[in-house]
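# Descriptive analysis of the structure
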Amino acid sequence: MRVLIVTGTLAEAEVRRHTADLSHSVDVHTLPVTVAAFITPGYAAKQLGGLDLSGYDMILLPGSVNGDVSPVEEATGVPTYKGPIHAADLPLVIRDDVKLSKTAPANEQVADVIRSKALKEIEAVDRDWRRVLEERGGIVLGRGEWKVPVGPGFPMRVVAEIVNAPLLDLGDVTRRAAYYEAQGADLIDIGMLARDPRPESIRGIVDAVREATEMPISIDSLEPMEIEAAVDAGVDLVLSLDAGNIEEVAHALDEVAAVVLPTNMREGVLPRDAHERVEMMHRNMALAREHGVTNIVADLVVEPLLRPGLVEALKAFQLFHVEEPETPILFGIGNVTELIDADSTGVNAAITALAAEVGADMLHVPEHSVKNRGGVREAVEASKMMFLAERRGTLPKDLGVDLLVLKEKRWVEEPYTGHPEAETVHGYPETEFSPDRTGWFKIAVDRERGEIAAIHYPPGEKEPDVIVRGRNAQMIYQTIIREGLVSKLDHAAYLGKELEKAYISLVLGRSYVQDRALFGGLSSL
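Here is a short report on the structure shown in this document. (Residues numbered from 1 in each chain as written. Predicted model: local features only at pLDDT ≥ 70, side-chain atom pairs only at ≥ 80, totals over all residues. Heavy atoms only, no water.)

## Re the sheet that holds strand β15 (residues 440–446)
Strand order in this open sheet of 3 strands is β15-β16-β17, and the pairing throughout is antiparallel. With one partner strand each, in any of the chains shown, β15 and β17 (466–470) form the two edges of the open sheet. On average, adjacent strands in this sheet sit at an angle of 20 degrees to one another, irrespective of strand direction. Contacts from helix α16 (residues 473–482) reach β15, β16 (451–457) and β17 within the one sheet, and its direction differs from that of β17 by about 150 degrees. Packing of helix α17 (residues 489–508) onto the sheet brings it into contact with β15 and β16, and relative to β15 it is tilted by some 10 degrees. (Pairing = 2+ DSSP bridges. Helix = DSSP H or I, 4+ residues; strand = E, 2+ residues; numbered from the N terminus. Axes fitted to C-alpha atoms, helices over the stretch in contact; angles between N-to-C directions. Contact = heavy atoms within 4.5 Å.)

Written as C-alpha cells, this is what we have:
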C-alpha cells in the first residue's frame, strides 16, 4: 500500500520521523501552511487537485483538520481519510486492519478498534466456556443462572471483597456490591470479622448483595458457624478451610466449592518454607476430600513484600501448580497492594503478572485502603492483559488493554523551540483581590453520580442559588458563562483551573479540595 500524508510545515519533520521505518510506502506532502490544524478540506483539495496522485492507494490529512475530507477525494480520485491528531500515532494508523474515517481523527478509530478486538477475543472464550472447560479443565462457580467458569483457559477471575461487611449498613453493602459489579468483578466476597463471629448477620448481608447482583457470592471466614450460615444462605464459594476447621465444617458444604489454605489458624501455623507449605497444602486438601469436599481451590497465601517477604510464597504457588496443575489457584493480591505506599495501578499490574506466572486462576482483591480505590477495576484489566499475552505468546504490552493512567506509550507533545521574534513577558501573580460582582463558587465532586458540581453563591449570601453540574470542566464553565454567573476574567480563569482539577480528581480517584494542590509539589495542580 502506498500512502500520501499531507501536513503543515511545523509538523513535517515529526511526520517524516514517525513514518521512516514503516513497512508500507509512505510519502509526505507539505502544504504551505504552518500549523496542520489550519488546513481545510477545501484548501487541500485545491492544492492537491492538479497533481497526478494516481499511484497512491490512500491520502491521509491531519486528524486536527475540521470537517469532512471528502472534497480531497473528489478532487484527486484517491481514497482520503483523516489521520491521527498526533504524528506519533501514525504507525498505529497505517495498517491494513484499521478502518479509517473521513470525519473522525484516526487515533480515536485505532484505539477503539484495537481494544474492541482484544475484548472480543476474551468474550469469545467466555461465550464458548463449556468447550474451553472441557478441553482445559477447571470448575464452575455459581448455583444460580450466573455461572463463572474458572480455570487455565480463562482470564483470572476477580473476587472483590466487601471488607468488614457486618459493620456496614445493609444499604452500603448493596451499593458496594453494585459498585464491584460495575468495576468488572466476577464474584462478590463477604468479608467477616477476625475473631468476632457474627453468623446471625450473614443472611441479611447475602440478601443485600443479591439486591444488587446475581453474580456468585463467597464468604471470607474460618469460623464454622459463619461458614454454615453462609452455605444455608446460598453462597457459592467458601474462603476458607484449613486444618483447624475442616473436620468441624466440611459436612455442611455439600457441593459448594471451598478454598483450602496450607494453615492451621487456630494454632497459628503457616509454614514459612515453600516446600513445607506445599506439603501442608497437600495434607489439608486430602483431609478435606476425606470429609467430602470435592470442589477445591488452593490458596498458598500471598505475603507482604519484605516482611516477611513475597518470594517464598511465590515459590510455594509455583511448586504447587507444577504438582497439582488441575487444581484452581486463588491468589490474594491485596496482601501486596494494600501494604505498600505506591500507586495501585502499577503494583496491581505487576503482581497480577506474577500471579499468572505461578498459575493463578483467581485474584482476591479488597479495596480496603483509600490508596487502593479502583483496585478491582485495575485487577480486572490486568487479568485481561495477562490472558491476552499468554494466549498470543507475547509480552504484556501492545495488547489493546492496558493500565497506563498517568504515563503514556508515545510522547505526543510538540517540543517548544521558542519564538525569538516575539516579546517575552514573564508571568507574576496579582497581589490584590477584588470579588466578582456576580458572586462566588464552591466546587465539589459527586462521586456517586460521577459528576462535578459548581455551587454558586450570590454576593454576601450564605445559601446557594444555582448549581451547575456536568461530567467535565468544559461543559460547566461554558454553562457558567452563558448563564452570566461570572463577570471577571481572572475569576473565569480561576474557575477553569479548579474545574479541571476536579475533573482530574474524579478520573483518577484522588481527593479534591478547592484551592489545594492536587499533586504534592505542584503549586497549580
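Now that the structure has been shown, we can carry on.
## Topic: the packing of helix α14 (residues 344–357) against helix α15 (residues 375–392)
At their nearest, the axes of α14 and α15 sit 9 Å apart, and the two run at 40 degrees to each other. Between α14 and α15, the angle is such that the two are oblique. Crossing handedness for the pair α14 and α15: right-handed. For the pair α14 and α15, the contacting residues are S344, T345, N348, A349, T352, A353 and A356 in the first and G375, E378, A382, S383, M386 and E390 in the second. Of the residues that constitute the contact of α14 with α15, the class distribution is 5 nonpolar, 6 polar and 2 charged. (Parallel < 35°, antiparallel > 145°, perpendicular 65-115°, else oblique. Left-handed = near helix turned anticlockwise from the far one by under 90°. Nonpolar A, V, L, I, M, F, W, Y, C, P; charged D, E, K, R; others polar.)

## Points about the sheet that holds strand β4 (residues 80–82)
If you walk across this open sheet you meet the 4 strands as β2-β1-β3-β4, and the pairing is parallel. At either end of the open sheet lies a strand with only one pairing partner, and these are β2 (25–30) and β4. Adjacent strand axes in the sheet meet at a mean angle of 25 degrees when their direction is disregarded.

## What to know about the pattern of salt bridges
When the charged atoms of two side chains lie near each other, side chains of opposite charge can form a pair. Going through the model one piece at a time under the given rule, you end up with 27 salt bridges. Its salt-bridge partner being E121, residue R391 comes within 3.1 Å of it at the nearest N-O pair. Residue R391 is found in helix α15, and its partner E121 is found in helix α5 (residues 106–127); the two are separated by 270 residues along the sequence. Here the salt bridges do not stand alone but share partners, grouping D446, R449, E451 and R469 into one network. (Salt bridge = Lys/Arg side-chain N within 4 Å of Asp/Glu carboxyl O.)

## Quick word on the nonpolar core
By size, the foremost hydrophobic cluster in this structure holds 83 residues, and its most contacted members are I190, V238, L241, F331 and L363. For this core, the element with the highest residue contribution is α15, accounting for 9 residues. Beyond its immediate stretch of four places on either side in the chain, V238 contacts I219, I227, V231, L253, V256, A257, A258 and V259. (Core = buried A, V, L, I, M, F, W, Y, C linked by side-chain atoms within 4.5 Å. Buried < 20%, exposed > 50% of the residue type's maximum accessible area, 1.4 Å probe, protein only.)

## Quick word on the packing of aromatic side chains
Any pair of aromatic rings gets described here by the distance separating the centres and the angle formed by the planes. For the coordinates displayed, the defined rule picks out 3 aromatic pairs. Centre to centre, the rings of F317 and F331 are 4.8 Å apart; their planes meet at 45 degrees, and the pair counts as tilted. With F317 in helix α12 (residues 311–323) and F331 in strand β13 (residues 330–332), the pair connects residues that are 14 residues apart, well separated along the chain. By relative accessible area, F317 is classed as buried at 0%. The exposure class assigned to F331 is buried, which follows from its relative accessible area of 0%. On the numbers, 4.3 Å between centres and 10 degrees between planes, the contact of W440 with Y457 is stacked. Placement of the pair is W440 in strand β15 and Y457 in strand β16, with a sequence separation of 17 residues. Given the relative accessible area of 12%, Y457 is considered buried. Against the face of Y56 rests R2, its NZ or CZ located 4.2 Å from the ring centre. (Phe/Tyr/Trp six-rings, centres within 6.5 Å; stacked < 30°, edge-to-face > 60°. Lys NZ or Arg CZ within 6 Å of the ring centre and 35° of its normal.)

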